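A look at the structure
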Amino acid sequence: MSQDISVALQEGVLTVTLTRPQKKNALTNPMYSELADALERAETDSAVRVVVLRSEGDLFTAGNDIGDFAAEPTDATAASIEEKQVRRFIRALVDSTTPIIAAVQGKAVGVGTTMLLHCDYVILSENAQLITPFVNLALVPEAASSMLLNQRIGHARAFAMFALGEPLDAPAALAGGVANRVLPQADLHDEAQRIAAMLAVKPAGALTATKRLMRATEPMLAQIEAESALFDERLASAEAREAFAAFKEKRTPDFVQFA
Ligand code: COA
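Summary of the structure given here. (Residues numbered from 1 in each chain as written. Predicted model: local features only at pLDDT ≥ 70, side-chain atom pairs only at ≥ 80, totals over all residues. Heavy atoms only, no water.)

Moving on, we get to the packing of helix H4 (residues 85-95) against helix H11 (residues 217-235). Two elements in contact, H4 and H11, have axes separated by 11 Å at closest approach and are oriented at 165°. The pairing of H4 with H11 is recorded here as roughly antiparallel in orientation. Where H4 crosses over H11, the two elements pack in a sense that is right-handed. Where H4 abuts H11, its residues Arg 87, Ile 90, Arg 91 and Val 94 lie against Thr 217, Met 220, Leu 221, Ile 224, Ser 228, Phe 231 and Asp 232. Considered class by class, the residues forming the contact of H4 with H11 number six nonpolar, two polar and three charged. (Axes fitted to C-alpha atoms, helices over the stretch in contact; angles between N-to-C directions. Helix = DSSP H or I, 4+ residues; strand = E, 2+ residues; numbered from the N terminus. Parallel < 35°, antiparallel > 145°, perpendicular 65-115°, else oblique. Left-handed = near helix turned anticlockwise from the far one by under 90°. Contact = heavy atoms within 4.5 Å. Nonpolar A, V, L, I, M, F, W, Y, C, P; charged D, E, K, R; others polar.)

Close contacts around the ligand come from 16 residues, with Lys 23, Lys 24, Ala 62, Asn 64 and Ile 66 the closest. In this structure, Lys 23 approaches the ligand through a side-chain N or O atom, which is 2.5 Å from an oxygen atom. One nitrogen or oxygen atom from the main chain of Ala 62 is found 2.8 Å from a nitrogen atom belonging to the ligand. With the chains in place, 66% of the 870 Å² that the ligand exposes on its own is no longer accessible. Class assignment of the residues belonging to the shell around the ligand gives a composition of eight nonpolar, three polar and five charged. (Near = heavy atom within 4 Å. Polar contact = N/O pair within 3.5 Å; in protein donor to acceptor, adjacent residues only side chain to side chain. Areas by Shrake-Rupley, 256 points an atom, 1.4 Å probe, with all protein chains shown as cover.)

Evaluation of the coordinates by the stated rule reveals 16 salt bridges. Ionic pairing is found between Arg 20 and Asp 65, a salt bridge with its closest N-O pair at 2.8 Å. A residue pair is termed long-range when its members are at least 10 positions apart, and Arg 20 in the loop between strand S2 (13-18) and helix H1 (29-44) and Asp 65 in the loop between strand S3 (50-55) and helix H2 (66-71) qualify at 45 residues. Here Arg 20 falls in the buried class, since its relative accessible area comes to 12%. Across the salt bridge formed by Glu 242 and Arg 251, the nearest N and O atoms sit 2.8 Å from each other. The class of Glu 242 is buried, set by a relative accessible area of 11%. Given a relative accessible area of 34%, Arg 251 falls into the partly exposed group. (Salt bridge = Lys/Arg side-chain N within 4 Å of Asp/Glu carboxyl O. Buried < 20%, exposed > 50% of the residue type's maximum accessible area, 1.4 Å probe, protein only.)

Let us now look at the pairing of S3. The element S3 is largely enclosed, with a buried count of five among its six residues. Sheet topology places S2 next to S3; six bridges connect them, and they run parallel. Each bridged residue has a counterpart across the sheet, and for Leu 14 the counterpart in S3 is Val 51. Remark: the S2/H1/S3 crossover connection has right-handed handedness. (Pairing = 2+ DSSP bridges. Right-handed = clockwise from strand over helix to strand, strands pointing away.)

Of all five residues making up strand S4 (residues 100-104), five are buried, and the element is well covered by its neighbours. The alternating pattern of S4 places Ile 100, Ala 102 and Val 104 and Ile 101 and Ala 103 on opposite faces, both of which are buried. Pairing analysis gives three bridges linking S3 to S4, with the strands arranged parallel. Note that in S4 the partner of Leu 53 across the bridge is Ala 102.

With that settled, consider the packing of H1 against H4. Orientation of H1 relative to H4, taken along the N-to-C sense of each, is 25°, at an axis distance of 8 Å. Relative to H4, the element H1 lies roughly parallel. Helix-helix and strand crossings are classified by hand; for H1 and H4 the assignment is left-handed. Contact residues: H1 offers Asn 29, Tyr 32, Ser 33, Leu 35, Ala 36, Asp 37, Leu 39, Glu 40 and Glu 43, while H4 offers Gln 85, Val 86, Arg 88, Phe 89, Ala 92, Leu 93 and Asp 95. Here the contact of H1 with H4 is composed, by residue class, of eight nonpolar, three polar and five charged.

This part covers the packing of aromatic side chains. In this structure the tally under the stated criterion is four aromatic pairs. Aromatic pair Tyr 32 and Phe 89: ring centres 6.0 Å apart, planes at 35°, arrangement tilted. One end of the pair, Tyr 32, is in helix H1; the other, Phe 89, is in helix H4, with 57 residues separating them in the sequence. Per residue, the accessibility class of Tyr 32 equals that of Phe 89, and both read buried. Taking 6.2 Å as the distance between ring centres and 45° as the angle between the ring planes, the aromatic pair formed by Phe 134 and Phe 162 counts as tilted. Here Phe 134, found in the loop between strand S7 (129-131) and helix H6 (145-153), pairs with Phe 162, found in helix H7 (residues 155-164); they are 28 residues apart in sequence, far enough to count as distant. Accessibility assignment for this pair places Phe 134 and Phe 162 in one class, buried. Clustering of aromatic rings is evident, with ring pairs tying together Phe 69, Phe 231 and Phe 244. (Phe/Tyr/Trp six-rings, centres within 6.5 Å; stacked < 30°, edge-to-face > 60°.)

And the structure:
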């Protein structure tokens, strides 16, 4: 277990906390691996009846660690792509039949937002902002968000989020069906545990069957396959290398230099 994730099981609730606030909970390959482990455990360990995803610090997560993106080989082979733990995590989210609650404070960037589209009960703090700046990083959306986000909030708003990096604030996320509740930040974790405790005493067989009925996973997996092929292509592009270098050097990227 790394220092960057903590996992605790209590009374049927598996609480998974991102604990890398000094780097805004940016997600590294080992962190994705641990997140996938936790979700896979929830499917096989009958002691786990509900999962809570949450984080320490002032924001939920800054998304994928951009240093990790920059370290990707530009000639990534199929084998190295297979090893990407983010893919395992996303697959585990799609396959999950255990209820997942997310508690989100501050910004949820990139995969921080796209993972919420696979959660079953999303609680936001009043200052939450969902941000998917894939195009700003010269990338494309992932985790079937290029289908799921438009289905929730409509093409126009989803396009502005993906293409311009326009944030979706908490009231808009609530109105768009991306979230269930908006609360003061001080109440966020208690409320997540309260809802989790309610779900943990429901009949687990009926609960997991209901979740399964509500989620058509095949179209999601097909969308993820299409997204992943383009994502890997974009990740290796000169545009993306410029975006990652600009983030590291704390400057504005220059995309106009590319044809
Ligand atoms: N990957 C790697 N490191 C990250 C990171 C990321 N996604 N997001 C933040 N960090 C690091 C910063 O580099 C900084 O490290 P340093 O202290 O060693 O310089 C530290 O976390 C604090 O970040 P900072 O930018 O100073 O915090 P902030 O509160 O001013 O801004 C964000 C927070 C999330 C708005 C900003 O960090 C950001 O835009 N991050 C990138 C988000 C992104 O594009 N993610 C990828 C989505 S696909």
